[in-house]
Amino acid sequence: MERTFVMIKPDGVERGVIGEVISRIERKGLKIVAMKMMRISEELAQKHYAEHKEKPFFGALISYITSSPVVAMVVEGKNAIRVVRTIVGATNPAEANPGTIRGDFGMDVGRNIIHASDSPESAKREINLFFSPEEILDYERAIDKWIYE
Ligand code: DAT
Ligand code: MG
C-alpha cells in the first residue's frame, strides 16, 4: 500500500467543502490514516512549496496557503498517489475535467481547493513535513476485501 499527502487548502475550508472533499476520498475506497486541521506557518509553507521558490506566483501562493486553516491528511491505498491526483484533477481548475475535485469546485489556478503529492519522493517528504510518525494510524478495515481483489 502506498501513502500520499493531501491537503484541503484555505479556500476549500472557507467555502465549506471539507466534507465533500473527504467524502470523495472515502467513497473511492481510499483510507485516511492521519488527519488534522491547522494553520500553516510561513516557514512550513516555504518548505512545502520549496520547488516553486523561483516562480513568479510563489509569494501569492505562500500568502494564500497561510491565510486561513487547512485540513492536512495522509491517505493510503493501492497506487494512492496516482489515484488521488486523478480524483483531484488538473492544476488549473479551468482546465480540470468535470467530476474531478478541481473541475467541480474551482475557477482559478490560485484557488484550486486541494493539494496532493505528485510522486513517491514528494509524498514521503510532505508526509514527514506535516505529520510525526505517531500521528499516522495503522488499522484494518473489514471492507477492504470488497475494495481490493
Ligand atoms: P499541483 O498543485 O497540481 O501539484 P504545482 O505543484 O505545479 O501544481 O503548483 C503548486 C501550486 O501552485 C498549484 O496548486 C497552484 C499554484 N500554481 C501553479 N501554477 C501556477 C500558475 N501558473 N499561476 C498561479 N499559481 C500557480
Ligand atoms: Mg505539486
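Residues numbered from 1 in each chain as written. Chains lettered and ligands numbered in written order. Predicted model: local features only at pLDDT ≥ 70, side-chain atom pairs only at ≥ 80, totals over all residues. Heavy atoms only, no water.

**Q** Honestly, the UniProt feature "domain: Nucleoside diphosphate kinase-like" (unreviewed entry) in the protein in this entry has me stumped. Any pointers?
**A** As recorded in UniProt, the feature "domain: Nucleoside diphosphate kinase-like" (unreviewed entry) lies at residues 1-138. A distance of 12 Å separates the end C-alpha atoms of residues 1-138, which is 41% helix and 19% strand. (UniProt positions renumbered as here; feature names shortened; annotations may be inferred. Helix = DSSP H or I, 4+ residues; strand = E, 2+ residues; numbered from the N terminus.)

**Q** Would you mind going over helix α2 (residues 18-28) with me for this structure?
**A** Residues lying three or four places apart along an α-helix face the same way, a consequence of the helix completing one turn every 3.6 residues. Considered for burial, the residues of α2 that qualify are Val21, Ile22, Arg24 and Ile25. The buried side chains of α2 occupy one side of the element, clustering within an arc of 155° when seen end-on. (Buried < 20%, exposed > 50% of the residue type's maximum accessible area, 1.4 Å probe, protein only. Arc of directions from axis to C-beta.)

**Q** Can you help me understand the pattern of salt bridges in this one?
**A** Tallied over the entire structure, the rule returns 7 salt bridges. For Glu76, the salt bridge is made with Lys31, and the minimal N-O distance between the two is 3.7 Å. One end of the pair, Glu76, is in strand β3 (residues 70-77); the other, Lys31, is in strand β2 (residues 31-38), with 45 residues separating them in the sequence. Glu76 gets classed as buried once you look at its relative accessible area, which sits at 12%. A salt bridge links Glu43 to Lys47; its shortest N-O distance comes to 3.5 Å. Remark: Lys47 and Glu43 occur in helix α3 (residues 42-48); sequence separation between them is 4 residues, near one turn of the helix. (Salt bridge = Lys/Arg side-chain N within 4 Å of Asp/Glu carboxyl O.)

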